[in-house]
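Coordinate inspection notes
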2 protein chains.
Amino acid sequence: MTPRSARSAHKQLAHLVADRLRVEILEGRLKPGEWLRQERIALAQGVSQMPVREALRQLVAEGLVEHIPYRGTRVVEFTVADIEDLYACRLFIEGMAARHAAAVITDEELREIAGLHERMLPCDTPESLPEYRELNRRFHTAIFQASRRSFLIRSLAQLWAAFPTMLWSNVPLVAYRTAPGRDASDAAEHEAIVTALSARDPEAAETAARAHISAAGRALLTALGAAPHPLPEAPSFQSLSLATGGRHRSRSFPHAEEES
Amino acid sequence: MTPRSARSAHKQLAHLVADRLRVEILEGRLKPGEWLRQERIALAQGVSQMPVREALRQLVAEGLVEHIPYRGTRVVEFTVADIEDLYACRLFIEGMAARHAAAVITDEELREIAGLHERMLPCDTPESLPEYRELNRRFHTAIFQASRRSFLIRSLAQLWAAFPTMLWSNVPLVAYRTAPGRDASDAAEHEAIVTALSARDPEAAETAARAHISAAGRALLTALGAAPHPLPEAPSFQSLSLATGGRHRSRSFPHAEEES
DNA sequence: ACCTCCAAAGTTGGATATAAAATCTAAATT
DNA sequence: AATTTAGATTTTATATCCAACTTTGGAGGT
């Protein structure tokens, strides 16, 4: 465990600005449709305009705001269809990640995930909702990080970036979290995921992850007032991954250095 | 057809810079691992550093380059595992998009897609590969645009942004495209998609789209030298979408204006 | 009244210059 | 040999100025 090179913990200003704006958006102080004027933001945060513009472009990429040339940047408005699609994507991709994670997860990662699960259990009151959300985010993040599939990790990080905005800007999340039985269901579903991962069972891990996200999605859409279909149980078919399920090639391919 | 407001076709410099860098990356002039120094780029393109930095941040978001604070930005290296995951994600999300598209596609969109398909047919020589790739990109893009699902459109646009880089930096794409029978297969699979869309059959559209991407993915991974599994045929299970398959709510939800 | 054109105001977009911070390289010291 | 220090390089941030574009609100004509 050599400290190595301290991993450069230095944050850039643009990141800080983006973080603060993200919080303002997801807490509703910046409402969907509202314009974000760069000069005002720079003044309010005590920075110059360049980091503000970089932060805005980053948020655009994350899908939280949209940019119109020479007009400005404003918070996006999400639709119910967007939330459906978000959950469908998560359902699939997080399922895949869980499958891969089960095959390569370390004991330490397993302990951390189980620990996060434990800490979520007592969070069943409205006041503990923020803490629950944070723990939940870390729980899911830890799982797909454990998959070691950088592409999936990146994709899921993007999905999760857009996720809270949708909720806070569209619906009082409490309605979802306090839905009858949701606490218990969430806990049971998380438990199932942890169990499958502990058993190093890819098939079960994928199934459990899908079942959880599917159930959560249905509950959320119900809370939103959308009529949820009977919904086909998340099919437990074989992996859709296209090739070898074996050890993944660790390094990148030798890209044609010279054209002999 | 009033010109309306000209739709502000004005591109920002940052976009142009990003476009040029993207081309350089995907054509291999900028190799994976290579550092992109902002001053050099600004000088080379005759612009100041601000648009360069915005462009770099955009490319970071697209996943083509990675940024390390106070160190710089460099082209990412993709692994075979990344390509597997990319195709798996495309398989699923483009399938969903095709399903939605079949339900709402217009005659005009249908004509354009069919036209693109026709124009791809004669492109069966190595020299026409660039044209084929461009037509293919427009073909797929037109389909998921027709779905009207903004979230899926955005997600797929991101996937397609990373896509060419992987190929050019990892493998001579010709090996894929000129694989025995691939031309004919691609054509037949595209044909099936067009047919399903024309029939406004969501189920068939999803199945056809999946089959195509699955086949293309297997062919590519074979060309890459990866041992492709027997691979389960893309399962034609019901939609995984979580709620109403009916007309999508057009506008955003009324986000709690007041908490009565 | 109604439409068109034109100028004003305001915001974003971009260039340039300059300074500060962080990282890397390599020589110099212990 | 290991550590420290000094310098070079590059990124990061600020400030200021001007150009480009959109919108707004009237002036003038029909």
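Report follows, based on the coordinates. (Residues numbered from 1 in each chain as written. Chains lettered and ligands numbered in written order. Predicted model: local features only at pLDDT ≥ 70, side-chain atom pairs only at ≥ 80, totals over all residues. Heavy atoms only, no water.)

1. Comments concerning the protein's contact with DNA strand C
Close to DNA strand C lie 18 residues, the nearest being R37 and H67 of chain A together with L13, S48 and R71 of chain B. Restricting the count to atoms of DNA strand C within 4 Å of the protein gives a sugar and phosphate share of 82%. Between R37 of chain A and DNA strand C, the recorded distance is 3.5 Å, taken from a side-chain N or O atom to a phosphate oxygen. A distance of 2.7 Å separates a phosphate oxygen of DNA strand C from a polar atom in the side chain of S48 of chain B. In the surface near DNA strand C, the residues fall into seven nonpolar, seven polar and four charged. (Near = heavy atom within 4 Å. Polar contact = N/O pair within 3.5 Å; in protein donor to acceptor, adjacent residues only side chain to side chain. Nonpolar A, V, L, I, M, F, W, Y, C, P; charged D, E, K, R; others polar.)

2. Side note on helix α3 (residues 49-62) of chain B
Residues and elements named next belong to chain B. In this model, α3 (14 residues) spans 20 Å end to end at C-alpha, consistent with the 20 Å of a helix rising 1.5 Å per residue. The buried fraction of α3 amounts to ten of the 14 residues, a majority that puts the element mostly inside the structure. Buried within α3 are the following residues: P51, V52, E54, A55, L56, R57, Q58, L59, A61 and E62. Phi turns positive one or two residues past the end of α3, at G63, with a value near 90°. (Helix = DSSP H or I, 4+ residues; strand = E, 2+ residues; numbered from the N terminus. Expected span 1.5 Å × (residues − 1). Buried < 20%, exposed > 50% of the residue type's maximum accessible area, 1.4 Å probe, protein only.)

3. A closer look at the packing of helix α2 (residues 38-45) of chain B against α3 of chain B
All names here are of chain B. Relative orientation of the contacting elements α2 and α3 amounts to 115°, with a least axis distance of 9 Å. Considering how the two elements wind past one another, α2 and α3 form a crossing that is right-handed. Of the residues in α3, those in contact with Q38, E39, I41 and A42 of α2 are Q49, V52, R53 and L56. In terms of residue class, the contact of α2 with α3 is made up of four nonpolar, two polar and two charged. (Axes fitted to C-alpha atoms, helices over the stretch in contact; angles between N-to-C directions. Left-handed = near helix turned anticlockwise from the far one by under 90°. Contact = heavy atoms within 4.5 Å.)

4. Remarks on the pattern of salt bridges
Counted by the stated rule, this structure contains 28 salt bridges over all chains. Here R53 of chain B ties to E54 of chain A by a salt bridge, and the two come within 3.0 Å at their closest N and O atoms. Taken as a pair, R53 of chain B in helix α3 and E54 of chain A in helix α3 (residues 49-62) lie in two separate chains rather than in one. Classification of R53 of chain B by relative accessible area gives partly exposed; the value is 23%. Here E206 of chain A ties to R210 of chain A by a salt bridge, and the two come within 3.4 Å at their closest N and O atoms. With E206 of chain A and R210 of chain A both in helix α10 (residues 202-224) and four residues apart, the pair spans about one turn of that helix. The pair E206 of chain A / R210 of chain A is uniform in exposure class, with both members buried. It is possible to trace a salt-bridge network through shared partners that takes in R99, E203, E206 and R210 of chain A. (Salt bridge = Lys/Arg side-chain N within 4 Å of Asp/Glu carboxyl O.)

5. Describing the protein's contact with DNA strand D
Taken together, 20 residues form the shell around DNA strand D, and within it L13, S48 and M50 of chain A together with R37 and Q38 of chain B come nearest. Per the 4 Å cut-off to the protein, sugar and phosphate atoms form 81% of the nearby atoms of DNA strand D. R37 of chain B is positioned with one of its side-chain polar atoms (N or O) 2.8 Å from a phosphate oxygen of DNA strand D. Within the backbone of Y70 of chain B, an N or O atom sits 3.2 Å from a phosphate oxygen of DNA strand D. Secondary structure elements with two or more residues in the surface near DNA strand D: α3 of chain A together with α3 of chain B. Each residue belonging to the surface near DNA strand D can be placed in one class, and the counts come to eight nonpolar, eight polar and four charged.

6. Quick word on the sheet that holds strand β3 (residues 72-75) of chain A
In spatial order, the strands read β1-β3-β2 (chain A); together these three strands make up an open sheet with antiparallel pairing. Each of the sheet's edge strands pairs with one partner strand only, and the pair in question is β1 (35-36) and β2 (65-68) of chain A. (Pairing = 2+ DSSP bridges.)

7. A few points about the sheet that holds strand β3 (residues 72-75) of chain B
Residue and element names in this part refer to chain B. Sheet architecture is open: three strands sit in the order β1-β3-β2, paired in antiparallel fashion. Either end of the sheet is taken by a strand with one partner, and the two such strands are β1 (35-36) and β2 (65-68). Two elements, β2 and β3, share four bridges in a ladder whose sense is antiparallel. In the strand pairing of β3, I68 is matched with G72.

8. Structural notes on the packing of aromatic side chains
In total, this model carries one aromatic pair over all chains according to the counting rule given. Residues F92 of chain A and F92 of chain B carry aromatic rings whose centres are separated by 4.2 Å and whose planes lie at 5° to one another, so their mutual orientation is stacked. Separated into two different chains, F92 of chain A in helix α4 (residues 80-104) and F92 of chain B in helix α4 (residues 80-104) make up a pair that spans both. With a relative accessible area of 0%, F92 of chain A lands in the buried category. Positioned above the aromatic ring of Y87 of chain A, the side-chain terminus of R90 of chain A is 5.4 Å from the ring centre. (Phe/Tyr/Trp six-rings, centres within 6.5 Å; stacked < 30°, edge-to-face > 60°. Lys NZ or Arg CZ within 6 Å of the ring centre and 35° of its normal.)

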